[in-house]
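An overview of the molecular structure
Listed below, chain by chain, are the residues.
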Amino acid sequence: MPTATKTRKPLGDQGPVAEQFETMGQQRDANRLGMWMFLGTELLLFGGLFGAFVTYRVIHAEGFAEAAGHLDLTLGALNTALLLTSGLTMALTEQMSRAARPKATFWLLVATIAIGALFIVIKGHEWYKEYQEQLMPVLGLPFSYPGEQPEQAELFFNFYFVMTGLHALHMLVGLGVLGVIATVAWRWRNPPRIARQVQISGLYWAFVDVIWVIVFSLLYLSRV
Amino acid sequence: MSTPSLEQRWPRDHYLSGGFRLRDWLLTTDHKRIGWLYFASITFFFFIGGIAALLIRLELITPGGDLLSPDTYNQMFSMHGIIMVWFFLIPSIPNTLGNFLIPMMIGARDLAFPKLNLLSWHVYTIGALFVVLTVLLGAVDTGWTFYTPYSTLFTETAVLAAATGVFVVGFSSILTGINFMVTLHKMRAPGMSWMRLPLFAWATYATSLIMILATPVLSITLLLIAVERLFGIGIFDPALGGDPILFQHLFWFYSHPAVYIMILPGMGVVSELITCFARNSVFGYKSMVISIMAIALFGFLVWGHHMFVAGQSMYAGVMFSLFSFLVALPSAIKTFNWTATLYRGRILLTAPMLYAFSFIGLFTIGGLTGIILAAMAIDVHVHDTYFVVAHFHYIMVGGMVTAYLGGVHFWWPKMTGRMFSELWSKVAALALFIGFNLTFFPQFILGYLGMPRRYHEYPADFQLLNVMSSLGAGALAIGYLLPLVYLTWSLFRGKPAGANPWGATGLEWQTSSPPPKHNFVQIPRVSEPPYAYRNQDQETTG
Ligand code: HEM
Ligand SMILES: [Cu+2]
C-alpha cells in the first residue's frame, strides 16, 4: 500500500537525465514522440487489415452484411462501453500521477486493469459461443452457417477472428504493461518517472480503445 | 582544428578501447559499436546470399538443367532474394553507416533510444538466422514475394516459419526507423537547423519515414499468410471469395516503397562523397532535400506498376503508370545535381569517388529502364523476364551496394582510425564496375529477347549471353571479396588516419578517429551550411 507520508514530494525533482540527452525536457519530448510514432505504425498494421476488410465488404456486400448479423451485438456493445470506461479511468490515472497522488494513481490503475480483464473475459465468452454455434472456421473446425452464402460468411468470420484476436493480443500486452506500472506506482519511489510512464502507457491504452471502436464499427455495426 | 602533428597521435580513449569481451559487444548501447554488430551480421548474410547467387549463375551456364534440380533451383533464388532484400539490403546502409554516423553528423552523443537500438539488432539477427535456417532446412520455394495462393495453399515448404521470421525482422526495421526519426527531430546540436543537415541525414530521415509507414503493412500481410497456413484462416483463399490479387496489392504497397529504402540511403552517401571529392558545395541543396522527400512520399503511389498484367483494372494501371513516370523526376533531379556539383570542382579520384561515379552511371541505367517498364504496353512484353531482373539489379546492386561500399571506404578511417590500401581499393572498385556490367547488361538483352525469370533451363540460343553473365558474376565476386581482405588487413596494419584524412566538412570529421565514446568531448555548435567546401584544397589533417 503506498503510504501517505511519501505523498507530496514536489515534482521539481526530475531525476537523472539519460546520458544521451541534454535536458529532461528533451528526454520527455523524445519519449513522447517515439511513442506517437510507434502508435502510428500500429495503426498502419491494423490499417492493412481494415483496408482488406473494407475491400471485401464492398465486393461481397450482402454476404458480409448478413454474416455480421450473427455476431452478438449486445456483448460487443457492452465491451465497447467497458473499454471506453477504462479509457476514462486511465485518463484519470494520468491526472492523479501528475498531481503526485499515489493512492489514487494506484487504485485507478487497478480499476483500468480490472475493466480490461473483464473485456477479455467477455470476448472469450463470445468466442466460445461462436465455437458452439459452429461459426469458428479455424483449425479445420466444422463451420455450419445457416445463411445464404456460407463461403462469404466464412471469409467474414476469418476476418472476425483475426481482427478481434489481434486486438485482444494488444489488450493483453497493454494489461501486462499496466500491471508493471501498478507495482511501480505501489512502491512510489520516483514520482516524476511514474508520471512519465503513466502518460506513455496511457497513450498506448487509448490507442487500443480507438482500434476497438473501429473493429466494432466494421464488424458488428455494418450489418443488415 | 588542432595541428596535424597532434592529431596524428592515436587518441588515448576511444569507443573501441577497452571492452573486447563478448558481452561488451552483445550488450553495448553505443551506436558506433551497434553499427559494427550490424556490419558483422549483414556481411555474413551477404555472403550466404552470394553463394546462392553463384549457384544460380553456375546452373545457368548451360541451357539444360544439370547442376541443380528444378526444385533446388527454386529454393536457391528464393533464398537469394529473401536474404538479399530483407537481411542485407534493407538494413545495409541505414543500420551500419546510419547507426554510426547519424548521431555524429548532428552533434549528438547517441541515438535517442540506445537500448531500443540494441534490441533492434538482436531482433534482426535472431529473426534473420531463424529464416536462413528454415529456408535451408524447410526448402522454401516461393521467391522473396510469397505470392498467394501458391504460398498459402499449395507449396509444402516451410513458408510459415519463413514468413514469421521476416515478420519479426520487420519490427527491427520499425524500431530503427522510429529511433532515427526521433533522434533527427529532437537531438540536433545547437545551430544544426534542418536546412543545415547533411544530405545523408536527410536521406536517412526519408528512409526511416518509409520504414515506419510501409513496414507495418508488410507485417500484417505476412501475418495473414502465417495465419492462413497455421490456423486455416483463409483471407486470400479464392474458394471463399478471397482475392489473391489483394495480397499483391498489400505486398507491393510495402515493397515498392521498400525499394526506396534500398536506394535513398545510397543517394545520401553519394551526395557526401561527390561533394567531398569535388571539393564543391552540393549543387541545389534545397532541391536535393525536396527530391528526397518527394521520392519517399510519391513512392507510396506507384505500387500497382508491379501488377500491370496481374488483373488489376486498366484505369488503375494508367494511373500507376503515370505516377511511376512522375516518381522518376526527383531521381533525375538528383542525378543532374550530382553532375552539376562536379562542374568546376577539383576532382580527386580516390576509391570512394570511383564508387560514387559507378553509382551514378549504374543508377542512371537502372532508373531509365524503370521508366521503360512503367510503360504499360512495353511491360506486357518484358514483365517477369530477365529485363526486370537486370533493371532492379542495376539499382539495388549497381546503385545501392556500390554506394554502400563507397561509404564504407569513405568512413572507414573514421570508424577504425586507419587508412586502407589505395591501390587495392581502386582495383576493387574497378573490378566491381566491370564485373557488374558484364553480369547484368546481357540480362537486359536476354529479357528483351524473351527469357523469363525463375527458370532453371533455357533455349540454347540464349547461351552466349548467359555465359557472359556468369563470367561477370565471377569478376563481381572478386570485387566484393577484395575489400574484405584489405580492409581487414588495414585494421591491424593500416597507417593512422587522423581526424580528417579526406579534408571533409561535416561534424563527424571534427572529432578524433576513432571517436571517443560519446562522440564529442564537447557538443559542437554549428554556424555554417553543410558542404562548405570552398572549391579549393582543404587542409587535410593526418
Ligand atoms: C526510376 C524509378 C523506377 C521506376 C519507374 C521503376 C519501375 C519498375 C517497374 C514498372 C517494375 C515492374 C516490372 C515488372 O515486374 O514487369 C519494377 C520492378 C522492380 N523494381 Fe523498379 N522502378 C524504379 C526504381 C526502382 C528502384 C529505386 C528500385 C530498388 C532500389 C527498384 C527495384 C525493383 C525491383 C526489386 C523490381 C522487381 C520486383 C520483383 O518482381 O521481384 N526499382 N520497377
Ligand atoms: Cu516498384
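As a convention, each chain's residues are numbered from 1 in the sequence order in which they are written. Think of it this way: whatever chain is written first is A, whatever ligand is written first is 1, and the rest follow in order. Where local features are concerned, this predicted model is filtered to residues with pLDDT of at least 70; where side-chain atom pairs are given and counted, the filter is 80 or more; whole-chain, interface and lining totals use all residues. Excluded from the side-chain calculations are hydrogens and water; all other atoms, namely the structure's heavy atoms, are used.

The following threshold applies: UniProt positions are given in the numbering used here, feature names are shortened, and annotations may be inferred rather than shown by experiment.
The name that an unreviewed UniProt entry assigns to chain B is Cytochrome c oxidase subunit 1, with the source organism given as Modicisalibacter ilicicola DSM 19980. UniProt annotates chain B under Sequence similarities (unreviewed entry) with the comment "Belongs to the heme-copper respiratory oxidase family." What UniProt states about chain B under its Catalytic activity (unreviewed entry) heading is, verbatim, "4 Fe(II)-[cytochrome c] + O2 + 8 H(+)(in) = 4 Fe(III)-[cytochrome c] + 2 H2O + 4 H(+)(out)".

As annotated in an unreviewed UniProt entry, chain A carries the name Cytochrome c oxidase subunit 3 and is attributed to Modicisalibacter ilicicola DSM 19980. Taken from UniProt, the Sequence similarities (unreviewed entry) comment for chain A reads in full: "Belongs to the cytochrome c oxidase subunit 3 family."

With respect to the UniProt feature "transmembrane region" (unreviewed entry) in chain A
Residues and elements named next belong to chain A. Rules: Helix numbering and strand numbering both begin at the N terminus, where a helix is a DSSP run of H or I of at least 4 residues and a strand a DSSP run of E of at least 2.
The UniProt record annotates "transmembrane region" (unreviewed entry) at residues 33-53, 73-92, 104-122, 159-182 and 203-221. Here residues 73-92 runs as 100% helix and 0% strand, with 29 Å between its end C-alpha atoms. For residues 203-221, the helix share is 100%, the strand share is 0%, and the end-to-end C-alpha distance is 26 Å.

Here we look at the coordination of the copper ion (ligand 2)
Residues and elements named next belong to chain B. Cut-off, in case you're wondering: Donors, by definition, are the N, O and S atoms found within 2.8 Å of a metal, the threshold being 3.2 Å for Na, K and Ca, and water is not counted, so a site can look incomplete. Relative accessibility thresholds used throughout: buried, under 20% of the residue-type maximum; exposed, over 50%; partly exposed, between the two (1.4 Å probe, protein chains only).
Every protein donor of the copper ion (ligand 2) is listed here as His 256 (ND1), His 305 (NE2) and His 306 (NE2), and their distances to the metal cover 1.8 to 2.0 Å. All donors of the copper ion (ligand 2) belong to a single chain; written as a sequence motif, their spacing is H-x48-H-H. A separation of 4.4 Å is found between the copper ion (ligand 2) and the iron atom of ligand 1. Here His 305 falls in the buried class, since its relative accessible area comes to 16%. Residue classification places His 306 among the partly exposed positions, given a relative accessible area of 22%.

Thoughts on the environment of His 391 of chain B
All names here are of chain B. To keep things clear, this is the line we draw: Contacts were defined at the residue level, with two residues in contact if any of their heavy atoms lie within 4.5 Å. Any N or O atom pair separated by 3.5 Å or less is treated as a polar contact, with the protein-specific requirement of one donor-capable and one acceptor-capable atom, and with residues adjacent in sequence counted only for side-chain atom pairs.
Structurally, His 391 can be placed in helix α16 (residues 386-416). Overall, the relative accessible area of 16% leaves His 391 in the buried class. For the pair His 391 and Met 211, spaced 180 residues apart in sequence, the C-alpha to C-alpha distance is 23 Å. Once you skip the residues sitting within four places of it in the chain, His 391 turns out to touch Gly 366, Thr 369, Gly 370, Leu 373 and Phe 444. At 3.4 Å, the side chain of His 391 forms a polar contact with the side chain of Thr 369.

Overview of the interface of chain A and chain B
Many analyses report the size of an interface as the accessible area lost when the parts associate. What counts, and what does not: For any pair of parts, buried area is found by adding up, for both, the accessible area (1.4 Å probe) each one loses once the two are put together. Salt bridge criterion: a side-chain nitrogen from Lys or Arg within 4 Å of a carboxyl oxygen from Asp or Glu. The classification used treats Ala, Val, Leu, Ile, Met, Phe, Trp, Tyr, Cys and Pro as nonpolar, Asp, Glu, Lys and Arg as charged, and all other residues, Gly among them, as polar.
Taken together, the contact between chain A and chain B spans 33 residues of the former and 39 residues of the latter. Approximately 3000 Å² of surface area, both sides summed, lies buried where chain A meets chain B, with 72% of it carried by carbon and sulfur atoms. The interface formed by chain A and chain B holds one salt bridge in total. The partner of Arg 109 of chain B in a salt bridge is Glu 22 of chain A, and the shortest N-O contact between them spans 2.6 Å. Applying the counting criterion to the chain A and chain B interface returns nine residue pairs in polar contact (both at pLDDT 80 or more). Of all the secondary-structure elements, those providing two or more residues to the side of chain A that touches chain B are α1 (24-59) and α5 (150-187) of chain A. Here the side of chain A that touches chain B takes 16 residues from α1 of chain A, the largest share from any one element. Taken together, the residues of the side of chain A that touches chain B sort by class into 17 nonpolar, 11 polar and five charged.

Some details on the nonpolar core
Threshold: Throughout this description, the term nonpolar core refers to a set of buried Ala, Val, Leu, Ile, Met, Phe, Trp, Tyr and Cys residues connected via side-chain atoms within 4.5 Å.
By size, the foremost hydrophobic cluster in this structure holds 240 residues, and its most contacted members are Phe 157 of chain A together with Ile 82, Trp 86, Phe 87 and Phe 146 of chain B. The contact partners of Trp 86 of chain B, leaving out residues within four places of it in the chain, are Gly 81, Pro 91, Tyr 124, Trp 144, Phe 146, Val 166, Val 169, Leu 218, Phe 251 and Tyr 254 of chain B.

Digging into the UniProt feature "domain: Cytochrome oxidase subunit I profile" (unreviewed entry) in chain B
Per the UniProt entry, the sites bearing "domain: Cytochrome oxidase subunit I profile" (unreviewed entry) are residues 25-527 of chain B in this numbering. Taken end to end, residues 25-527 of chain B is 70% helix and 0% strand, and its first and last C-alpha atoms sit 36 Å apart.

Here we look at the UniProt feature "domain: Heme-copper oxidase subunit III family profile" (unreviewed entry) in chain A
In this structure's numbering, the residues bearing the UniProt feature "domain: Heme-copper oxidase subunit III family profile" (unreviewed entry) are residues 32-224 of chain A. With 84% helix and 0% strand, residues 32-224 of chain A has end C-alpha atoms that lie 42 Å from one another.

Let's talk about the site of ligand 1
Residue and element names in this part refer to chain B. Spelled out, the test is: Here a residue counts as near a molecule or strand whenever at least one of its heavy atoms sits within 4 Å of it.
The environment of ligand 1 is made up of 23 residues, and the closest members are Val 259, Asp 379, His 383, His 391 and Arg 453. Interatomic distance of 3.1 Å between a side-chain N/O atom of Trp 144 and an oxygen atom of ligand 1. Taking His 391, its side chain carries an N or O atom lying 2.9 Å from a nitrogen atom of ligand 1. Where the shell around ligand 1 is concerned, the elements lending two or more residues are α10 (244-261), α13 (314-342), α14 (351-374) and α16. Broken down by class, the residue content of the shell around ligand 1 amounts to 14 nonpolar, seven polar and two charged.

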